[in-house]
Amino acid sequence: MTQPSIGILMLKTRFPRVPGDVGNPETWPFPVLRRVIDAATVDRVVNADPPVDLLLEPFIAGGHALVEAGAAAITTTCGFLALFQDELTRALPVPVLASSLQQAALVQLSLPHGKRIGIISIHGGNLSPRHLAAAGVAPDTPVVGTEQGRELSRIILADLEELDMAKAEADILEAGDALAAQAPDLGAVVLECANMAPYSKALSRHLGVPVYDIVTMITWFQAGFAPRVWGHP
């Protein structure tokens, strides 16, 4: 019996894909297929200059290529691609979760009355109401970015080749503190950026609330697919 593969549409990047990162194949306890979308740089997706919408067709084509290669479902390596969720599900014949943000509504539903989720983004200033609406996130959800930190956003947004994980973790913890200060009723955190997953456990310990990321979402997503012998129903 073989586990179905998850297809990952990847931005074209140089920054390190550390253990736990969505783009590191060793992160996953099941098979993954990866395809880089050459036109999709961090600058074009996160800063939307030129508009991210111009990348839709390459992502659709990449999705079809992954499906043809055997992918049973599709995801991506950037939370800002929530903008493509509707178009990708219309265009592709398999389930799609384009962004970690898509789990936010479910996490909110799970929380005790009076508690709410908060979001940490690689660039809180660029995570717009349009991104939140595309993922079904309530518009008044508190959002904090790491763009004022020393390491993580600096490396990811500039696509640099070296990353200090300890400094990156410190940025995440500081963003968590800012989020908790902004939202005293914080009950859980959703990490928008797919590169933040390696720091989720440290943030959960630090804040004392559950933290959800692209890896938690895709692990749940993949669990719904029954193992099968390829070539047979």
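Residue positions are counted from 1 within each chain, in the order its sequence is given. With pLDDT at 70 or above as the cut-off, local features in this predicted model cover only qualifying residues; side-chain atom pairs require 80 or more to be listed or tallied, and sums for whole chains, interfaces and linings still use all residues. Hydrogens are left out, water is left out, and the side-chain values use all remaining heavy atoms of the structure.

(A) Here's a closer look at the overall build of the chain. If you tally the helices and strands in the chain, you get nine helices and eight strands. Against the compact-globule benchmark of 17 Å for 233 residues, the chain has a radius of gyration of 17 Å, which places it among compact chains. In terms of overall dimensions, the chain has a C-alpha envelope of 55 × 40 × 30 Å along the principal axes. Put simply, the chain has 233 residues, and 51% of those count as buried. Working rule for contacts: check all heavy atoms of both residues, and any pair within 4.5 Å makes them a contact. For the chain, restricting intrachain contacts to residue pairs at least 6 apart in sequence, the fraction spanning at least 24 positions comes to 70%. The protein chains shown are the only cover counted for residues, whose accessible areas, like all others here, come from Shrake-Rupley with a 1.4 Å probe. For the chain, the computed accessible surface area is about 10,400 Å², with 55% contributed by carbon and sulfur atoms. Secondary structure elements follow DSSP: runs of H or I no shorter than four residues count as helices, runs of E no shorter than two count as strands, and numbering proceeds from the N terminus. For this measure, only C-alpha atoms enter the radius of gyration; the expected value for a globule follows 2.2 Å times N^0.38, where N is the number of residues. To sort residues, take the accessible area from a 1.4 Å probe on protein chains only and compare it with the maximum for the residue type: under 20% means buried, over 50% means exposed, and anything in between is partly exposed.

(B) Seen up close, the confidence of the model for the chain. Confidence per residue, as judged by the predictor, is encoded in pLDDT with a range of 0 to 100. Scored by pLDDT, the chain has a mean of 94; 97% of the residues are at 70 or more. A low-confidence stretch, residues 229-233 (pLDDT under 50), is modelled with six contacts involving residues beyond four sequence positions or located in other chains.

(C) View of the packing of aromatic side chains. Side-chain rings of Phe, Tyr and Trp (the six-membered ring for Trp) are treated as a pair once their centres are within 6.5 Å; stacked means planes under 30 degrees apart, edge-to-face means over 60, and tilted covers the remaining angles. All told, the structure shown has four aromatic pairs when counted by the stated rule. For the pair Phe-221 and Phe-225, a centre-to-centre distance of 6.2 Å together with 80° between the ring planes defines the contact as edge-to-face. Here Phe-221 falls in the buried class, since its relative accessible area comes to 11%. Clustering of aromatic rings is evident, with ring pairs tying together Trp-220, Phe-221 and Phe-225.

(D) Layout of unusual backbone geometry. Notably, Asp-159 is not glycine yet its phi reads approximately 55°, a positive angle. By secondary structure assignment, the location of Asp-159 is in the loop between helix H6 (152-158) and helix H7 (165-182).

(E) Quick peek at the pattern of salt bridges. By definition here, a salt bridge exists when the distance from a side-chain nitrogen of Lys or Arg to a carboxyl oxygen of Asp or Glu is within 4 Å. Applying the stated criterion across every chain, the model contains nine salt bridges. Between Arg-17 and Asp-21 there is a salt bridge, and its shortest N-O distance comes to 2.9 Å. In this pair, the class of Arg-17 matches that of Asp-21, namely buried. Three or more residues are tied together by salt bridges with common partners; here these are Arg-14, Asp-159 and Glu-161.

(F) Inspection of the sheet that holds strand S5 (residues 116-121) at higher detail. Pairing between strands is defined by DSSP: at least two bridges between them are needed. Here four strands make up an open sheet; going across it, the order is S6-S5-S7-S8 and the pairing parallel. Of all strands in the sheet, those with a lone pairing partner are strand S6 (143-145) and strand S8 (211-212), marking the two edges. Summarising the sheet, S5 and strand S7 (residues 186-191) pair through five bridges and their orientation is parallel. Bridging across to S7, Ile-120 finds its partner in Leu-191. Each of S5, S7 and S8 is contacted by helix H8 (residues 200-207), which is oriented at about 165° to S7, the strand it contacts most. Here, axes are lines fitted to C-alpha atoms. For helices the fit covers the stretch in contact, and angles between N-to-C directions go from 0 to 180 degrees.

(G) Representation of the nonpolar core in the model. Definition used in this section: a nonpolar core is a set of buried Ala, Val, Leu, Ile, Met, Phe, Trp, Tyr and Cys residues joined via side-chain atoms within 4.5 Å. Core analysis: the largest hydrophobic core is formed by 63 residues, its most contacted members being Val-45, Phe-59, Phe-84, Leu-152 and Val-189. In this structure, Leu-152 is in contact with Ile-122, Thr-146, Leu-163, Ala-168, Asp-171, Ile-172, Met-196 and Tyr-199, ignoring residues within four places of it in sequence. If you look at the next biggest cluster of nonpolar residues, it comprises 16 residues, including Ile-8, Val-22, Phe-30 and Met-217.

(H) Summary view of the pairing of strand S3 (residues 71-76). Most of S3 is tucked away: six of the six residues are buried. Sheet topology note: the strand S1 (residues 5-11)/S3 ladder contains five bridges and is parallel. Opposite Ile-6, over in S3, you have Ala-73 as the bridge partner. By the bridge criterion, two bridges tie S3 to strand S4 (residues 96-97) in an arrangement that is parallel. Bridge pairing in S4 places Ile-74 opposite Val-96. Looking down the strands as they point away from the viewer, one classifies a crossover as right-handed if the path from the first strand across the helix to the second runs clockwise. You can see the chain leave S3, run along helix H3 (residues 85-91) and come back into S4, and the turn it takes is right-handed.

(I) Representation of the pairing of S7 within the structure. Among the six residues of S7, six are classified as buried, and the element is accordingly described as predominantly covered. Sheet topology note: the S7/S8 ladder contains two bridges and is parallel. Along S8, the bridge assignment pairs Val-190 with Tyr-212. The handedness of the S7 to S8 crossover, carried by H8, is right-handed.

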